[in-house]
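What follows is the residue order along each chain.
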Amino acid sequence: MAPPATDPQEEPVTSTVVVLDPARPEGALVDPSVPLVRIDDQGLTRGDGVFETMRAVDGRVQKFSAHHRRLTASTRLAQLPVPSEELCRRAVELALAHAAPGGDGGLGAEHSVKITVSRGTPEDGPWSWIVVSPVPESTFRQRREGVDVVLLPRGHDPAHDAGYPWLLPGAKTLSYAINMAALRHARSLGAEEAIFTAGGRRVLEGATSSVVCARVRDGNRVLVTPEPSHGILPGTTQAKIFDAARRDGWELGYGPLYPADLMTSDAVWLVSSVRLAVPVRRLDAQPLPVDPGLTRLVTGYVTAD
Ligand code: PLP
């Protein structure tokens, strides 16, 4: 497998930051180069908080309401306050109005927009902020060229977490240390991305993405993804692809998926809000079919208004 050309996390970013404040409905624009987070903030010291990452194109955030719904679900599970959709929208508008020019991968000027709700300090309590950054070239490259992926065991089946609210099943928490370690492990194996599996090698999700595969046989077009309610993050991108695909006549399936199902698919993608649909070109060093026409179609489902 070819080693990754660049590590997206090492690319310099120019970010705009707005702190949410119910007393100032449009939020407060702050200088991203001055200290903002206290050293005892529990978002920092314990990963105790939740977040959403969205894609803005030409200054407009895609599927804002779906992200706010999931943010609301995450904050409920984590017993954190949720900033209202109106407050978030106005703060995002302010951040985008002051952002550096968006990245250009041929689909408009693109920014990533991240909303974080942290537990904060014991004295000051929870707070929220928004960071807007241009989408980096490495994301556009992955969309164009695809990625090599390895399957990594998740260690336990997250479907078993469902009945235990303290395990925060389905919440998008700040605790991504394991997901980042999985990406580092994937890179040490010469790949760029990881897909987690549960017992019996059932496919779950990518480290920061959902998995979608397509089968196109004898006039039948089927899209399949692992069951979103089984302890994995319910992806807003996968949901939008499936809504549009249903209207376009595709059959839809919700797993279970095993490595052999991915190997025998006509296309496999990692999908998420900013990456859109990135083709998987190798799985555990085995080549997978890549179909640029299908990738364009699925990308069109995500980017449609
Ligand atoms: N699964 C995980 C673990 C993720 O981190 C993400 C996105 O960051 C997704 C799935 C895809 O979610 P979405 O499509 O809403 O961006």
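Up top is the structure.
Residues numbered from 1 in each chain as written. Predicted model: local features only at pLDDT ≥ 70, side-chain atom pairs only at ≥ 80, totals over all residues. Heavy atoms only, no water.

As a volume, the second largest pocket reaches approximately 300 Å³. Looking at the second largest pocket, it is lined by 14 residues, and the ones nearest its centre are R143, R144, T295, R296 and T299. Those elements that place two or more of their residues in the lining of the second largest pocket are α4 (137-145), β15 (276-283) and α8 (292-303). When residues in the lining of the second largest pocket are grouped by element, the largest group, six residues, is from α8. (1 Å grid on protein atoms, 1.4 Å probe; cavity = no way out; pocket = protein on both sides within 12 Å on 5 of 7 lines; lining within 4 Å. Points joined across faces, edges and corners; volume = space filled by probe spheres on them. Helix = DSSP H or I, 4+ residues; strand = E, 2+ residues; numbered from the N terminus.)

One way to put it is that helix α6 (residues 236-247) packs onto α8 with a least axis distance of 8 Å and a crossing angle of 105°. Classified by the angle between their axes, α6 and α8 sit roughly perpendicular to one another. Taken together, the residues of α8 that come into contact with α6 (itself represented by T237, K240, I241, A244 and A245) are V298, Y301, V302 and T303. Here the residues of the contact of α6 with α8 are counted per class, giving six nonpolar, two polar and one charged. (Axes fitted to C-alpha atoms, helices over the stretch in contact; angles between N-to-C directions. Parallel < 35°, antiparallel > 145°, perpendicular 65-115°, else oblique. Contact = heavy atoms within 4.5 Å. Nonpolar A, V, L, I, M, F, W, Y, C, P; charged D, E, K, R; others polar.)

Here we take up the side chain of T236. Locating T236 in the fold gives a position in helix α6. A relative accessible area of 10% places T236 in the buried class. Discounting chain neighbours no more than four positions away, the residues touching T236 are K63, A66, H67, R70 and S273. (Buried < 20%, exposed > 50% of the residue type's maximum accessible area, 1.4 Å probe, protein only.)

Before going further, it helps to examine the packing of helix α2 (residues 64-78) against helix α3 (residues 85-97). Packing of α2 against α3 brings their axes to within 11 Å, and their N-to-C directions diverge by 125°. Judged by the inter-axis angle, α2 sits oblique to α3. Once α2 is placed against α3, the crossing between them reads as right-handed. Across from F64, S65 and H68 in α2, the residues of α3 making contact are E85, C88, R89 and V92. Looking at side-chain class alone, the contact of α2 with α3 contains three nonpolar, two polar and two charged residues. (Left-handed = near helix turned anticlockwise from the far one by under 90°.)

Here we take up the environment of R184. The topology assignment puts R184 in helix α5 (residues 177-188). For R184, a relative accessible area of 54% gives the class exposed.

Turning next to empty space enclosed by the protein. With the rule as written, the count across this model stands at two cavities of 30 Å³ or more. Space inside the largest cavity adds up to approximately 60 Å³. As for the largest cavity, its lining consists of L204, E205, S210, V211, T225, P226, P228, I232, L233, P234, G235 and Q238. Listed by contribution, the elements that provide at least two residues to the lining of the largest cavity are β10 (203-206) and β11 (210-217). When grouped by side-chain class, the residues that make up the lining of the largest cavity number seven nonpolar, four polar and one charged. The space that makes up the second largest cavity amounts to roughly 40 Å³. As for the second largest cavity, its lining consists of E52, M54, F64, H67, H68, L71, C88 and I115. Taken together, the elements giving at least two residues each to the lining of the second largest cavity come down to β3 (49-57) and α2. At four residues, α2 tops the list of elements feeding residues into the lining of the second largest cavity. By residue class, the composition of the lining of the second largest cavity is five nonpolar, two polar and one charged.

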